[in-house]
Amino acid sequence: MKIRDTRAVLTSFDHKRGPFGLERCLPEEPGKVHAISRSALRFASTDAVFASKDINFDDVPVGAFCGRTAWVILPREFDNSDPDACADCGRMAKLYVDDYSKWFAEYERRRSRNLY
Ligand SMILES: [Zn+2]
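Residues numbered from 1 in each chain as written. Predicted model: local features only at pLDDT ≥ 70, side-chain atom pairs only at ≥ 80, totals over all residues.

Let us now look at the overall build of the chain. Along the backbone of the chain there are 4 helices and 6 strands. From first element to last, N terminus to C terminus, the chain shows the α and β order β-β-β-β-α-α-β-β-α-α. Taken over C-alpha atoms, the radius of gyration comes to 14 Å for the chain, in line with the 13 Å a tight globule of 116 residues would show. In terms of principal-axis extent, the alpha carbons of the chain reach across some 45 × 30 × 25 Å. Counting every position in the chain, which comprises 116 residues, the buried fraction comes to 27%. (Helix = DSSP H or I, 4+ residues; strand = E, 2+ residues; numbered from the N terminus. Rg over C-alpha atoms; globule rule 2.2 N^0.38 Å. Buried ≥ 20, exposed ≤ 12 C-beta atoms within 10 Å, placed from the backbone.)

Our next topic: helix α4 (residues 100–113). Helix length check: α4, at 14 residues, gives a terminal C-alpha distance of 20 Å against a target of 20 Å (1.5 Å per residue), a fit within 8%. Sparse coverage of α4 is indicated by the burial of 1 of its 14 residues. (Expected span 1.5 Å × (residues − 1).)

One open sheet accounts for 4 strands, arranged β4-β1-β6-β5; its pairing is antiparallel. Among the strands making up the open sheet, the edge pair consists of β4 (34–37) and β5 (56–63). Each neighbouring strand pair of the sheet contributes to a mean axis angle of 50°, computed without reference to strand direction. One ladder, built from 4 bridges, connects strand β1 (residues 6–10) with β4; its direction is antiparallel. Its bridge partner lying in β4, Val 9 is registered against His 34. (Pairing = 2+ DSSP bridges. Axes fitted to C-alpha atoms, helices over the stretch in contact; angles between N-to-C directions.)

What follows concerns the nonpolar core. Counting residues in hydrophobic clusters, the biggest one holds 21 residues, and the most contacted among them are Val 9, Ala 35, Ala 64, Phe 65, Cys 89 and Ala 93. At the level of secondary structure, the elements contributing two or more residues to this core comprise β1, β4, β6 (69–73) and α3 (87–98). Ranked by the residues each element gives to this core, the list is headed by α3, at 4 residues. Those residues in contact with Cys 89 that lie beyond four places of it in its chain are His 34, Ala 35, Ala 64, Phe 65, Cys 66 and Phe 78. (Core = buried A, V, L, I, M, F, W, Y, C linked by C-beta atoms within 7 Å. Contact = placed C-beta atoms within 7 Å.)

In structure tokens form, the structure reads like this:
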């Protein structure tokens, strides 16, 4: 199920040589796909990032539902039925839909344990 008001994110990126030097790009092995919510970003650019049709390589890490640090925001919603979806983010996504205040308390608990 696609989770409304979220974005699929990745925890790593690669570099490739572009016309202006090294550019960020998707890694060859993207690994698990994690979830962020709009409220996790809290930046002035959040609406632009959510509206963007491009991949965003963020300079500021964002905290995924599971507590991992994400750097790459994909232009699509997190889908917990995606075979590459992080299982922990999938569980948190269900909570996000079913009981936002419980989700928020759990998300804040994870945030306080981590660096984001
Ligand atoms: Zn995750």
